[in-house]
Amino acid sequence: MAFDPLQERGIPLDEQVRDWRELNVTPIDPDHADPYTRCRIITMNGIETEAISFSHQLARHCPDTELKQQLACIRYLEAQQQKAVNWLLPGLASVLETTIAYEQVAVDLTSWVARMEPDPYLRQAYEFGVLEDFDHLYRYANLYEMIEHRKAEKIVDRLTEVMPGRPTYLHHRDPVDNVREPYDRTRTEPLSRLHALTIMAAEQQTMNFYMNVGPMYMEPIARRLYQEIGLIEEEHVTHYESLVDPGESWWEMLLNHEYNECYLYYSFMETESDPKVKNIWELHLGMELEHLRLAAELFKRFDGRDPDQVLAAALPPPVTFEPNKAYVRDLLSTQIDCTTLGTGYVREAHERFSKMQEAIMGGEQPPSERVIDDNRAISGQDYRFEVEAAVSR
Ligand SMILES: [Fe+2]
Ligand SMILES: [Fe+2]
Ligand SMILES: [Fe+2]
Ligand SMILES: [Fe+2]
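As the structure is a prediction and not an experimental result, all values here were calculated from the model.

Rules and cut-offs
Residues numbered from 1 in each chain as written. Chains lettered and ligands numbered in written order. Predicted model: local features only at pLDDT ≥ 70, side-chain atom pairs only at ≥ 80, totals over all residues. Heavy atoms only, no water. Helix = DSSP H or I, 4+ residues; strand = E, 2+ residues; numbered from the N terminus. Rg over C-alpha atoms; globule rule 2.2 N^0.38 Å. Buried < 20%, exposed > 50% of the residue type's maximum accessible area, 1.4 Å probe, protein only. Contact = heavy atoms within 4.5 Å. Lys, Arg positive; Asp, Glu negative; His and termini not counted. Charge placed at Lys NZ, Arg CZ, Asp CG, Glu CD. Expected span 1.5 Å × (residues − 1). Polar contact = N/O pair within 3.5 Å; in protein donor to acceptor, adjacent residues only side chain to side chain. Donors = N, O, S within 2.8 Å, 3.2 Å for Na, K, Ca; no water. Disulfide = S-S within 2.5 Å. Core = buried A, V, L, I, M, F, W, Y, C linked by side-chain atoms within 4.5 Å. Phe/Tyr/Trp six-rings, centres within 6.5 Å; stacked < 30°, edge-to-face > 60°. Axes fitted to C-alpha atoms, helices over the stretch in contact; angles between N-to-C directions. Parallel < 35°, antiparallel > 145°, perpendicular 65-115°, else oblique. Nonpolar A, V, L, I, M, F, W, Y, C, P; charged D, E, K, R; others polar. Left-handed = near helix turned anticlockwise from the far one by under 90°.

(A) Molecular detail of the overall build of the protein chain. Within the protein chain, the regular secondary structure consists of 13 helices and two strands. Taking 2.2 N^0.38 as the reference for a compact globule, 393 residues should give roughly 21 Å; the C-alpha atoms of the protein chain span a radius of gyration of 21 Å, in line with that estimate. If you line up the protein chain on its principal axes, its C-alpha atoms span 60 × 45 × 40 Å. By residue count, 55% of the 393 residues in the protein chain fall in the buried class. Expressed as a percentage of contacts within the protein chain between residues at least 6 apart in sequence, the contacts between residues at least 24 apart total 87%. The averaged location of the 68 negative side-chain charges in the protein chain is 1 Å from the averaged location of its 39 positive side-chain charges.

What follows is the structure in C-alpha cells.
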C-alpha cells in the first residue's frame, strides 16, 4: 500500500512536547551499532537543523504575530526532535570519527540520490559532488591514522571504500562556477525537490560542523585540513542550494520541508535495523504528519493552491543507506577529471579555475596533499581501504 502523508493522521500538536525523561534517549552502542544507523542519525540531525533554521528565516520575514506564534510552536518541536535525534550518538566518538561518519553519509546518501534522480541535469550535480566527498573521506582517514593511530575501516565498516577520489585541492573553484541552474518548480518531478532539499541540508550541516570543530584540534595539520575542507563544504552548499527553484513561495518551501521530513522518517522507519532507533523514527513521523497538515493549510490559505499540485501522490521508494562501491568506482572511471564552468561542466582547467587555484595555493602544498605525504612518511604508505579492488576493473 502506497503511503500518502497527506492522508495520514499525525500526533496532535498539543501532545508533541516531550519531558526530560522522554528527551533522554539511550544512545546507540558505539562498538556494535550498524554504521548505517549512525548515518541515518546524522542525516536526520541535518534535516532537523534545516527545519529549525528555515523556520527562523521564515519567521524573520513574517509580519503577522499570530503566524509567528504558530511557527514558534512547531519550531520548538523541531528543536526537541533535533535533540532526541542527535543525542542518539554516543559521546565516545572523537571529532575526527564523527567527521569520517559525516563523509560516509555524504558518499552513500548522495550516491543513492544520484541513482534515483530522474532529471539528468540534477543527477549530474550529485554525481559531480559525490566524488569530492569521497576524496574528503580518504584525506580525513589519513589524518585519523596519523593522529589517532586508528583505521577508518573500523568506522565505515567495509560498507564504503576509502581511496582517492577527485583530488581535494582541485575542488577549489571560483565561487562563480559553484552556482548551478535550478529545477523548474512548475515542471519538476516532486522527487527532485526532495532530493535537492535533503542533500542541501546534509552539506549545510557538514559545513557548519567543520567550521566549528576545526580549531578544536591542536595539531597544525588537522587545523589546516579542516580549514581546507570546510571551505569546500561552503562550495558544496552553494552548488546544491542553487538547484532549488528560488521562485517557490515561503509557504511552498515550508510545505516541501515538512513533506521531506515525513519522507525521510518514513524511509528510515522502513529500513532501520535498531529497534530502539526505529521507534524514534516512527514517533517523529507521527509528529511530522501533523506539521505537514498545518503547512498544507498555510499553503492553501496564502498560495491559494492545492498541495497535490506540488507534492507526489504517494511517497517515493524509501531512501536507503546501502553500499555504493561499484557505483562510485564507475563514476571515478568516467568523471574524475570534471570541473565546473558557469552552470555547466567541463574537463579542462579553464582560466577562471586556474586563477582561483593560484590565488588560494599561494605556491604552497595544500593541507589535503600534505596530510597524505605526512602519513606516508610515518606509516610507510597512505591509508586506503579498497574492498572491490579484486573484482572491479
Ligand atoms: Fe522535524
Ligand atoms: Fe566533504
Ligand atoms: Fe560535501
Ligand atoms: Fe517538521
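Here the narrative resumes, following the displayed structure.
(B) Focus on helix α5 (residues 120-148). For α5, with 29 residues, the first-to-last C-alpha span of 41 Å sits near the 42 Å given by 1.5 Å per residue. For α5, a buried count of 24 out of 29 residues is recorded, marking the element as mostly surrounded by other parts of the structure. The distance from a side-chain oxygen at the start of α5 to the backbone nitrogen of Y121 is 2.8 Å, and the residue carrying that oxygen is D119. Remark: H149 follows α5 within two positions and exhibits a positive phi of approximately 55°.

(C) Local environment of the coordination of the iron ion (ligand 2). Coordination of the iron ion (ligand 2) by the protein comes from E103 (OE), E103 (OE), D133 (OD), H136 (ND1) and E233 (OE), over a distance range of 1.9 to 2.4 Å. In the primary sequence, the donor residues of the iron ion (ligand 2) line up as E-x29-D-x2-H-x96-E. Here the iron ion (ligand 3) and the iron ion (ligand 2) are spaced 3.3 Å from one another, each receiving a donor from D133. A residue pair is termed long-range when its members are at least 10 positions apart, and E103 in helix α4 (residues 95-116) and D133 in helix α5 qualify at 30 residues. Given a relative accessible area of 1%, D133 falls into the buried group.

(D) Layout of the state of the cysteines. By the definition in use, this model includes zero disulfides. Residue C262 stays outside any disulfide, its sulfur separated by 18 Å from that of C73, the closest cysteine.

(E) Seen up close, the coordination of the iron ion (ligand 3). Protein coordination at the iron ion (ligand 3) comes from D133 (OD), D133 (OD), E203 (OE), E233 (OE) and H236 (ND1), with a distance range of 2.0 to 2.7 Å. In primary sequence terms, the donor set of the iron ion (ligand 3) follows D-x69-E-x29-E-x2-H.

(F) Examining the environment of T188 more closely. Locating T188 in the fold gives a position in the loop between α6 (153-156) and α7 (190-213). Overall, T188 belongs to the buried group, its relative accessible area being 15%. Considering only alpha carbons, one finds T188 and L159, 29 residues apart in sequence, at a separation of 32 Å. If we ignore the near neighbours within four places in the chain, the residues touching T188 are Y183 and R193.

(G) Region of interest: the nonpolar core. Formed by 95 residues in total, the largest nonpolar core has its most connected members in Y126, Y140, L143 and W281. Contact partners of W281, with chain neighbours within four places excluded, come to R40, I41, M44, V85, L88, Y265, F268, M269 and E272. Counting eight residues, the second-largest nonpolar core is a separate cluster that includes V130, L131, M163 and V328.

(H) The arrangement of the packing of aromatic side chains in detail. In total, this model carries 15 aromatic pairs according to the counting rule given. Aromatic side chains F128 and Y345 sit 5.3 Å apart centroid to centroid with 55° between the ring planes, which places their arrangement in the tilted category. Of this pair, F128 sits in helix α5 while Y345 sits in strand β2 (residues 344-346); the two residues are 217 residues apart in sequence, bridging distant segments of the chain. Since its relative accessible area comes to 1%, F128 is described here as buried. Ring plane angle 45° and centroid distance 6.0 Å describe the contact between F268 and F321, whose orientation is recorded as tilted. Placement of F268 in helix α9 (residues 250-271) and of F321 in the loop between α10 (275-303) and α11 (325-335) is noted, with a sequence separation of 53 residues between them.

(I) Examining the packing of α5 against α11 more closely. It is at 10 Å that the axes of α5 and α11 come closest, and there the two elements cross at 100°. Regarding the angle of α5 to α11, the classification is roughly perpendicular. Each of Q124, E127, V130, L131 and F134 in α5 lies in contact with α11, whose residues at this interface are Y327, V328, L331, L332 and Q335. Considering only residue class, the contact of α5 with α11 consists of seven nonpolar, two polar and one charged.

(J) Inspection of the environment of T49 at higher detail. With respect to the helices and strands, the residue T49 is situated in helix α2 (residues 35-60). For T49, the side chain forms a polar contact with the main-chain oxygen of N45, separated by 2.6 Å.

(K) View of the packing of α2 against helix α3 (residues 65-86). One can describe the packing of α2 onto α3 by two numbers: an axis separation of 9 Å at closest approach and a directional angle of 160°. Put simply, α2 runs roughly antiparallel to α3. For the element pair α2 and α3, the recorded crossing hand is left-handed. In this structure, α2 uses I41, M44, N45, E48, T49, A51, I52, S55, H56, L58 and A59 to contact α3, whose residues at the interface are K68, L71, R75, E78, A79, Q81, Q82, V85 and N86. Taken together, the residues that form the contact of α2 with α3 break down as nine nonpolar, seven polar and four charged.

What is shown is where atoms sit, not what they do.
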